[in-house]
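Tertiary structure, described
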Amino acid sequence: MIAMLISAAPLMLAAAPAHCGTGAKLPRHVRQTLPAGDGWASQGSGTTGGAAADDAHVFTVTNRAELAAALDGGSATPKIIQVSGTIDGNTDAAGAPLSCDDYATGGYRLDSYLAAYDPAVWGTGQVPAGPLEDARAASAAAQAARVELKVGSHTTIVGVGRHPRLLGLDLQVSGSDNVIVRNLAFEDAFDCFPQWDPTDGDTGNWNSEYDNLVVTGSTHVWVDHNTFTDGRRPDAGQPLYFGRIYQQHDGELDVVRGADYVTASWNAFTDHDKTLLFGNSDGAAATDAGKLRITLHHNLFQDIGERAPRVRFGQVDAYNNHYDVTDAADYVYSLGVGAQSHLVAQDNAFTLPAGVTADRTIAYWKGTAMTEDHNYVNGRPADLLGAFNAANPATPIARGAGWTPTLRTRVDDPRSVPHIVDGGAGAGRL
């Protein structure tokens, strides 16, 4: 089956998406560009995506093959790609659904993998190695060839019609400039073949691939009015192996490896654990120092476990976001202050349940300072950083991120943020 999938790839790339036709009238939001002054993505040349695309490069896509063809291997040709309906990444060249068994190769079976790398058998001192780990990696590569799609420069990808959705796909804005992603529901970018790492943490962890959307080494990217969710495959429904959740999801939106000038606005990030990772290594100063400049505003973080965001290196401006926590047991933190980070968190609203105190909204990840002020918890002013420092005297975080944001088009009173954001964030609410 895997050989069939690989041989079919050229046919799939040649599939023709529908053109809108010369002079076709497009919905107003399709050619919309990022307003001046709207966050870091407006810096310098700004972000216009595929607004300059000619009629021949305006597509409407309804399946994975058409989407891949319209993306054109990540070319820099200005293009607008309108997503209509649900596009499932785990499908073959004919559009038939693929299961994890279809990707498995080299003799990979989960039960065999569990038996071979059980800590009682394998131990806890090194990551798995050998034929079964090789088979897992080969099976993972087969799935990656289907679900990872590269987005090139000067591209707009935008949902149109009722309920546009990308299911099980990992869009990779890699080495590109000037990209807009709007009005899409990203759901369940799941990894069929997570790797067990007994050295990860005190008791080991399952590590998976595939973010819904990853921005790597790219500049001027606007991510607006999208919904991100685990949807049909929540982590809470996953089994425990070796005492840890069999984690099939990675991030919802990651910005890494020297990416710069990103604005994420009016998105709904829901039902997920590790949500936003900005900078993926403490040792990445060579690529990340002075970059990872990102604005987060008017986003809804609902039922999120952690990383909203976790920041390394970057100058990140997080304002007017609503952090809505409903499950105290699954909540870890919201604002992760990582190595050499410069995080500003202002005018946000936190809705916290009983048992979650203000100090838990911040986590120390080797960061030394942040700016935090005018944030509200349950409708009242709260000194989040003061609460954190009082509760964590061994790892204090100083006040003052060392910079002052200027690229903001509007700042709402944080008391109004839950109503404004809950009613306006996410796909279908442009």
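1. So, the packing of helix 4 (residues 110-117) against helix 6 (residues 131-147)
- Packing of helix 4 against helix 6 brings their axes to within 10 Å, and their N-to-C directions diverge by 140°. Judged on the interaxial angle alone, helix 6 and helix 4 are oblique. Every pair of crossing elements has a handedness; the one defined by helix 4 and helix 6 is left-handed. Only Leu-132, Glu-133 and Arg-136 of helix 6 make contact with helix 4, whose side of the interface consists of Ser-112, Tyr-113, Ala-116 and Tyr-117.

2. Describing the pattern of salt bridges
- Tallied over the entire structure, the rule returns 14 salt bridges.
- As a salt-bridge pair, Arg-233 and Asp-188 come within 3.0 Å of each other at their nearest N and O atoms. Taken together, the residues span a long stretch of sequence, with Arg-233 in the loop between strand 13 (227-229) and strand 14 (240-241) and Asp-188 in the loop between strand 8 (185-187) and strand 9 (195-197) at a distance of 45 residues.
- Judged by relative accessible area, which is 21%, Arg-233 ranks as partly exposed.
- Because the salt bridges share partners, they merge into one network encompassing Asp-188, Arg-232 and Arg-233.

3. Some details on helix 9 (residues 417-424)
- For helix 9, the set of buried residues is Val-417, Val-421 and Gly-424. Seen from one end, helix 9 has its buried residues packed into an arc of 85°, which puts them on one side. Residues of helix 9 that are exposed and point over 90 degrees away from its buried face: His-419 and Gly-423.
- Check the buried side of helix 9 and you find it contacts strand 21 (300-306), strand 24 (322-324) and strand 27 (349-351).

4. Side note on the packing of aromatic side chains
- If you walk through the whole model with that rule in mind, you get 19 aromatic pairs.
- Each member of the aromatic cluster is reached from another via a ring pair, and the members are Tyr-108, Tyr-113, Tyr-117, Trp-122, Phe-193, Trp-196, Trp-206, Tyr-241, Phe-242 and Tyr-246.
- Sitting over the face of the ring of Phe-190, Arg-233 holds its NZ or CZ atom 3.7 Å from the ring centroid.

5. Considerations on the pairing of strand 18 (residues 268-274)
- As defined by bridge partners, strand 13 adjoins strand 18 across two bridges and the pair is classed as parallel. Each bridged residue has a counterpart across the sheet, and for Thr-227 the counterpart in strand 18 is Ala-268.
- Here strand 18 runs beside strand 21; their pairing, made up of five bridges, is parallel. Among the inter-strand pairings, Phe-269 is bridged to a residue of strand 21, identified as Phe-301.

6. Topic: the pairing of strand 26 (residues 342-346)
- A large share of strand 26 lies buried, amounting to four of its five residues.
- Here four bridges tie strand 26 to strand 29 (residues 369-373), and the two strands are oriented parallel to one another. Following the sheet pairing, Leu-343 is matched in strand 29 by Met-370.

7. Re the confidence of the model for the protein chain
- In the predicted model, the protein chain carries a mean pLDDT of 94, and the fraction of residues at 70 or more is 95%.
- At the level of individual helices and strands, the protein chain shows its lowest average pLDDT in helix 1 (residues 2-13), which scores 34, and its highest in strand 23 (residues 315-319), which scores 99.
- Within the model, pLDDT remains below 50 along residues 1-14, and this stretch shows 19 contacts once partners closer than five positions in the same chain are excluded.

8. Describing the environment of Glu-209
- Positionally, Glu-209 belongs in the loop between strand 10 (205-207) and strand 11 (213-216).
- With 52 residues separating them in the primary sequence, Glu-209 and Ile-157 have C-alpha atoms 22 Å apart.
- Once you skip the residues sitting within four places of it in the chain, Glu-209 turns out to touch Ala-189, Asp-191, Gln-248 and Asp-250.

9. Here's the deal with the side chain of His-322
- If you trace the backbone, His-322 turns up in strand 24.
- According to the relative accessible area criterion, His-322 is buried, its value standing at 2%.
- Separated by 2.8 Å, the side chains of His-322 and Asp-422 make a polar contact.
- Not counting chain neighbours up to four residues away, the residues in contact with His-322 comprise Asn-299, Leu-300, Phe-301, Ala-349, Thr-351, Val-417, Pro-418, Val-421 and Asp-422.

Criteria and cut-off values
Residues numbered from 1 in each chain as written. Predicted model: local features only at pLDDT ≥ 70, side-chain atom pairs only at ≥ 80, totals over all residues. Heavy atoms only, no water. Axes fitted to C-alpha atoms, helices over the stretch in contact; angles between N-to-C directions. Helix = DSSP H or I, 4+ residues; strand = E, 2+ residues; numbered from the N terminus. Parallel < 35°, antiparallel > 145°, perpendicular 65-115°, else oblique. Left-handed = near helix turned anticlockwise from the far one by under 90°. Contact = heavy atoms within 4.5 Å. Salt bridge = Lys/Arg side-chain N within 4 Å of Asp/Glu carboxyl O. Buried < 20%, exposed > 50% of the residue type's maximum accessible area, 1.4 Å probe, protein only. Arc of directions from axis to C-beta. Phe/Tyr/Trp six-rings, centres within 6.5 Å; stacked < 30°, edge-to-face > 60°. Lys NZ or Arg CZ within 6 Å of the ring centre and 35° of its normal. Pairing = 2+ DSSP bridges. pLDDT = per-residue confidence, 0-100. Polar contact = N/O pair within 3.5 Å; in protein donor to acceptor, adjacent residues only side chain to side chain.

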